[in-house]
Amino acid sequence: MKMSNMHSEQLCVNMGPQHPSTHGVLYLDLRLDGEEVVDCITHIGYLHRSMEKIAENRTYTQFIPFTDRLDYVASMNNNLAYVLAVEKLLNLDVPERAKYIRVIVAELNRIASHLLAIGTFAQDLGAFATPLFYCFREREKVIEIFDEVCGNRLTYNYMRIGGVQFDLPEGIDRRIKDFIKYMRPKINDYEGLLTNNPIFLERTKNIGILSKETAINYSITGPNLRASGVQWDLRKDEPYLVYDKFEFAIPTGKNGDMWDRYRVRMDELSQSLKIIEQAIAGIPEAQATVKAGRMIKPAAGEVYFRAESPRGELGFYIVSDGSVNPYRLKIRAPSFSNLAVLRELVKGVKVADVVGILGSLDILMGEIDR
Amino acid sequence: MKNYFKRLIFGPIDLIKGLIVTFRNLITPAITLQYPTQKQAMTQRYRGLIDLYPVKCIMCSQCVKICPTNCLALTHKEGPDKKKELESFKYKMELCCFCGLCAQVCPTAALYMNKIYEIATSNRKELEINLLNPDKYAEWAHPTVR
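The rules behind each value
Residues numbered from 1 in each chain as written. Chains lettered and ligands numbered in written order. Predicted model: local features only at pLDDT ≥ 70, side-chain atom pairs only at ≥ 80, totals over all residues. Buried ≥ 20, exposed ≤ 12 C-beta atoms within 10 Å, placed from the backbone. Helix = DSSP H or I, 4+ residues; strand = E, 2+ residues; numbered from the N terminus. Contact = placed C-beta atoms within 7 Å. Nonpolar A, V, L, I, M, F, W, Y, C, P; charged D, E, K, R; others polar. Pairing = 2+ DSSP bridges. Axes fitted to C-alpha atoms, helices over the stretch in contact; angles between N-to-C directions. Expected span 1.5 Å × (residues − 1).

Peer 1: So what about helix α14 (residues 351–361) of chain A? Which residues, and what values?
Peer 2: All names here are of chain A. Counting buried positions along α14 yields nine of 11 residues, so the element is predominantly enclosed. Of all the positions in α14, only D353, V354, V355, G356, I357, L358, G359, S360 and L361 are classed as buried. Directly beyond the C-terminal end of α14, a positive phi value near 55 degrees is found at D362.

Here it is as structure tokens:
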């Protein structure tokens, strides 16, 4: 019997829901032919908390703490997108100082989120502990700043409709400046550790290539889209808050492979530092909040607002019927579409690369299942 | 072929670069706190358990209304001099999401959030706190709470 006539059965491997590198509770149904992945079916819904339905029974202010729990490593950005959506519905303009504060905290949180993404990505590839712990050390600094600003470490609940909960505490601008000074050399450390490391390059270069067309067809957003060579960043293309006043570049990749996705996140770290530096320098002295009224009652209507969260385009679609509760609230989570493309990416790769590709996409189950 | 030699030469150099980073970090002091013996001071705005100054409370129920998880409940009665008086103020800690909306909305700052964070207990009944009892944390299992 010839070897070419021999057929082996496909092997079904259940990866997850409890698996250290699925970043939450994700269940991948992998079909393997030898060591090659033939098909991958993603099963989601293990973290479903029906956030959108909860929103219908809460007032507009009461829903802000729930947005913290969507993308729980970048709560500030979730808060921000939600309050901006409600403010758009109310036609409310916030004071200039509040806008600057929002930019500062959102960018700080982007750094924290990207640090986690880079650290866990390196760990998924087998760089056990070292890069992850270094990233966590720097992330801790950001979290400590947030602890001082709003009193919590992960679920901040800092943004309010019409401004922010508190003004920045005294002396925090110096602390943030110190952090920027501390962070810049640390980025070079990561470059030395990972970027050109031959093992890292072997594992990431030309693997999991996401082409420009596929990325657009699957409506991928955020660093994953930019790694494929599409220059699309809502902070630049549809500026909200005061992003149009700052100078920053949009880093893009060329091939859209795992290494490019890592590269884009690394470059975004320094761009975010640049934005924070400019925002700290230009922050005006004024009141940070505007009274939106205790009971927020927008006129009947609907609104869609999208903002650039660390994982991509986070959108809130709110339908108001004129009462104190939203009639319907839909969340467009970036990780959801970023995960959808996984099936295309893992076809034909080795099973060990599935973990790396998943890590490079930087998905977060909290906002996929909502 | 060209790539092969390139990797052969530059690969070890980049590996050494990474090792230099780790060695530089090897001689830096430890940054972790040894938790049960060393403790970090909580920040000024830290949001711990909800606490109450019963004297300041004007029974407006705004905290009860704003709470997203319905963890607060208060009742009041008429006192001897026909003044409103707090009868009970229950705080279900297991429902609380520590968002701080209640403390923010309180007009007299009677409700605030204290710095207690070691709140694990083995008895579920202890999770329901009577905020009027001045000795409310006395029966708490953990010694540091007092």
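Peer 1: Describe the interface of chain B and chain A, listing the residues and the values that go with them.
Peer 2: Across the contact, 22 residues belong to chain B and 21 residues belong to chain A. For the side of chain B that touches chain A, the secondary structure elements donating two or more residues are α1 (2–26) and α3 (101–105) of chain B. Here the element with the most residues in the side of chain B that touches chain A is α1(B); it accounts for nine residues. Here the residues of the side of chain B that touches chain A are counted per class, giving 11 nonpolar, six polar and five charged.

Peer 1: Outline the sheet that holds strand β7 (residues 312–320) of chain A, listing residues and values.
Peer 2: Residue and element names in this part refer to chain A. Strand order in this open sheet of three strands is β6-β7-β8, and the pairing throughout is antiparallel. Edge positions in the sheet fall to β6 (301–309) and β8 (326–332), since each has one partner strand and no second. Here the strands of the sheet are splayed against their neighbours by 15 degrees on average, with no regard to which way each runs. Two strands pair when backbone bridges link them, and β7 and β8 are joined in this way by six bridges, in the antiparallel orientation. Across the sheet, the residue bridging to G315 is R332, located in β8. Across the sheet, helix α3 (residues 75–90) is in contact with β6 and β7; its angle to β6 comes to roughly 150 degrees.

Peer 1: Describe the sheet that holds strand β2 (residues 27–33) of chain A, and please don't skip the residues or the numbers.
Peer 2: Hydrogen bonds between backbone atoms are what pair the strands of a sheet, whose relative direction is either parallel or antiparallel. Residues and elements named next belong to chain A. Strand order across the open sheet formed by three strands is β1-β2-β3, with antiparallel pairing between neighbours. Edge strands, defined here as strands with exactly one partner in the open sheet, are β1 (11–15) and β3 (36–43). The average angle at which neighbouring strand axes cross in this sheet is 20 degrees, direction not considered.

Peer 1: Before we move on, could you go through helix α4 (residues 96–124) of chain A and cite the residues and values that matter?
Peer 2: Side chains that are three or four residues apart share a direction in an α-helix, a result of its 3.6 residues per turn. All names here are of chain A. When the terminal C-alpha atoms of α4 are compared, their 42 Å separation across 29 residues agrees well with the 42 Å that a helix rising 1.5 Å per residue should span. Judged by how many residues are buried, α4 sits mostly within the fold: 27 of 29 residues are covered. Directly after α4, the chain includes G126, whose backbone phi takes a positive value near 110 degrees.

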